[in-house]
Amino acid sequence: MRAEDVAQPQQSTPGQAFTLTFWGVRGNIPAPGADTVRYGGNTACVEVLVGGQHLIFDGGTGLWMLGRHLVAQGQPVNAHLFFTHTHWDRIQGFPFFAPAFAPATQLNIYGAPALNGASIKQRLTDQMLRPNFFKPLQTMAATMAFHNIAAGETLTLGEVTVEPWSLNRHTSALGYRVIWRDHVLVYATDTDPTQTSLDPNLLMLASGADVLIFDGTYADAAYSDPNGCGLKPWHLGIEVAQASQVKQLVLFHHNPCHSDDHLDQLERQVRASFANASLAREGMTLDLAKG
């Protein structure tokens, strides 16, 4: 896909920026409550401002929070929304994304076809049909363009390159490698848990990344390992980060059963093996261009 194939957002963000903000960090189901305040309870959504482009990865309930933030800014929204796959925790915020109901909004929406061949547009449309939801997607007043993408493509958005990579044959999930100048962000959050060794494809995806976002905290007895290989996902994240010479590892997609105290303990455990690692928290912002 060439740059001219998709609408380009206006330079509403500083052209020299490469920042990412976490708006939702949970997996499977939202986890609100007194014991999840510090890490947050919303499901997956990450916002990236890079080289004048506005990118959003996944549309879990964190997308609702991001939408409120964007509306409060009072500026037209022109963004690219990338889905890894369409499990509920990745799409359940989309019907509540307030900018999508504003005529001034422009959205380019990307996702791989499902295993049954359904397009990303079809799946987002289906979840908004009765009896699942009270407003169909057609009531969204934004200008929306839907793009079916596949691993191996290269998307060029101004100076920014976005590469989709295959992560999980069981879910057809994609990972994304975002490249701007000499900076690289990798979003790899639905890897195959049945792998008993490091996946060469995953290593290439993560190679030399400034930041690797990895779903490594779905760990311990709550995590089902169908092959019984005994490898906890956060261990895999560390191995990938080390083998790929990643500068910073951020573990994401937290188990909804895990409290703030549990995640604090897990973060200490992870940092004992990889010093420049952290667990994602709602509202956390990282600057890849700094320094």
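Use the structure listed above.
S.K.: Kindly report on the packing of aromatic side chains, identifying the contributing residues and their values.
M.R.: The full count for this structure, using the stated rule, is 11 aromatic pairs. Ring centres 5.3 Å apart and planes at 90 degrees place the aromatic pair Phe 96 and Phe 133 in the edge-to-face group. Here Phe 133 lies in the loop between helix H3 (120–126) and strand E6 (143–148) and Phe 96 lies in the loop between helix H2 (88–91) and strand E5 (106–111), a separation of 37 residues in the sequence. Look at Phe 96 and you get partly exposed, because its relative accessible area is 44%. Of the residues examined, Phe 133 reaches a relative accessible area of 11% and is grouped as buried. Cluster of aromatic residues (ring-pair linked, three or more members): Phe 22, Phe 57, Phe 82, Tyr 110, Tyr 176, Tyr 187 and Phe 252.

S.K.: Would you mind going over the nonpolar core in detail, with residue names and values included?
M.R.: Counting residues in hydrophobic clusters, the biggest one holds 32 residues, and the most contacted among them are Leu 20, Phe 22 and Leu 55. Ranked by residue count, the leading element in this core is strand E9 (residues 173–180), at 4 residues. What Leu 20 contacts, discounting residues up to four positions off in sequence, is Val 46, Glu 47, Val 48, Leu 185, Val 211, Ile 213, Met 284, Thr 285, Leu 286 and Leu 288. Core analysis: the second largest hydrophobic core is formed by 26 residues, Leu 205, Ala 209, Leu 236 and Ile 238 among them.

S.K.: How would you sum up the sheet that holds strand E3 (residues 53–57)? Please name residues and give values.
M.R.: Taking strand neighbours across the sheet as the criterion, the 7 strands line up as E6-E5-E4-E3-E2-E1-E14 in an open arrangement whose pairing is mixed. Among the strands making up the open sheet, the edge pair consists of E6 and strand E14 (285–287). Each strand of the sheet is rotated relative to its neighbour by a mean of 20 degrees, with strand direction disregarded. Two strands pair when backbone bridges link them, and strand E1 (residues 18–24) and strand E2 (residues 45–50) are joined in this way by 6 bridges, in the antiparallel orientation.

S.K.: Give a description of the sheet that holds strand E11 (residues 211–214) that names residues and reports values.
M.R.: Here 7 strands make up an open sheet; going across it, the order is E7-E8-E9-E10-E11-E12-E13 and the pairing mixed. In this open sheet, the two edge strands, each paired with only one partner strand, are strand E7 (155–157) and strand E13 (277–279). Between one strand and the next, the sheet's axes are offset by a mean angle of 20 degrees, whatever the strand orientation. Looking at chain direction, E7 and strand E8 (residues 160–168) are connected through 3 bridges and run antiparallel. Following the sheet pairing, Thr 156 is matched in E8 by Thr 161. Strands in contact with helix H6 (residues 260–273) are strand E12 (248–251) and E13; relative to E13, the strand with the most contacts, it is inclined by about 165 degrees.

S.K.: Just give me the short version of the pairing of E2, but keep the residues and values in it.
M.R.: Walk down a regular strand and you will see the side chains alternate between the two sheet faces. Taken across its 6 residues, E2 has 5 buried, putting it largely inside the fold. Examined bridge by bridge, E2 and E3 share 5 bridges and lie antiparallel to one another. If you follow Val 50 over to E3, its bridge partner there is Gln 53. Between E2 and the antiparallel strand that follows it, E3, lie 2 residues; Gly 51 among them carries a positive phi value of about 50 degrees.

S.K.: Just give me the short version of the pattern of salt bridges, but keep the residues and values in it.
M.R.: Across all of its chains, the model carries 8 salt bridges by this definition. Among the ionic pairs, Asp 264 bridges to Arg 38, the shortest N-O distance being 2.8 Å. Remark: Arg 38 occurs in the loop between E1 and E2 and Asp 264 occurs in helix H6; sequence separation between them is 226 residues. A salt bridge links Asp 210 to Lys 247, with the shortest nitrogen-to-oxygen separation between them at 3.1 Å. Placement of the pair is Asp 210 in the loop between helix H4 (200–206) and E11 and Lys 247 in the loop between helix H5 (233–243) and E12, with a sequence separation of 37 residues. Under the relative-accessibility criterion, Asp 210 is labelled buried at 10%. Salt bridges linked by common partners bring Arg 38, Asp 261 and Asp 264 together as one network.

S.K.: Could you give me a rundown of helix H1 (residues 62–73), with the residues and numbers involved?
M.R.: Counted at 1.5 Å a residue, the expected span for H1 with its 12 residues is 16 Å, and the 17 Å between its end C-alpha atoms agrees. Taken as a whole, H1 has its buried residues at Gly 62, Leu 63, Leu 66, Gly 67 and Leu 70. All buried residues of H1 fall inside an arc of 140 degrees around its axis, so they share one side. Gly 74 lies just past H1 and shows a positive phi near 75 degrees.

Quick notes on the rules
Residues numbered from 1 in each chain as written. Predicted model: local features only at pLDDT ≥ 70, side-chain atom pairs only at ≥ 80, totals over all residues. Heavy atoms only, no water. Phe/Tyr/Trp six-rings, centres within 6.5 Å; stacked < 30°, edge-to-face > 60°. Helix = DSSP H or I, 4+ residues; strand = E, 2+ residues; numbered from the N terminus. Buried < 20%, exposed > 50% of the residue type's maximum accessible area, 1.4 Å probe, protein only. Core = buried A, V, L, I, M, F, W, Y, C linked by side-chain atoms within 4.5 Å. Contact = heavy atoms within 4.5 Å. Pairing = 2+ DSSP bridges. Axes fitted to C-alpha atoms, helices over the stretch in contact; angles between N-to-C directions. Salt bridge = Lys/Arg side-chain N within 4 Å of Asp/Glu carboxyl O. Expected span 1.5 Å × (residues − 1). Arc of directions from axis to C-beta.

Everything listed here is a matter of geometry and, on its own, says nothing about what the molecule does.
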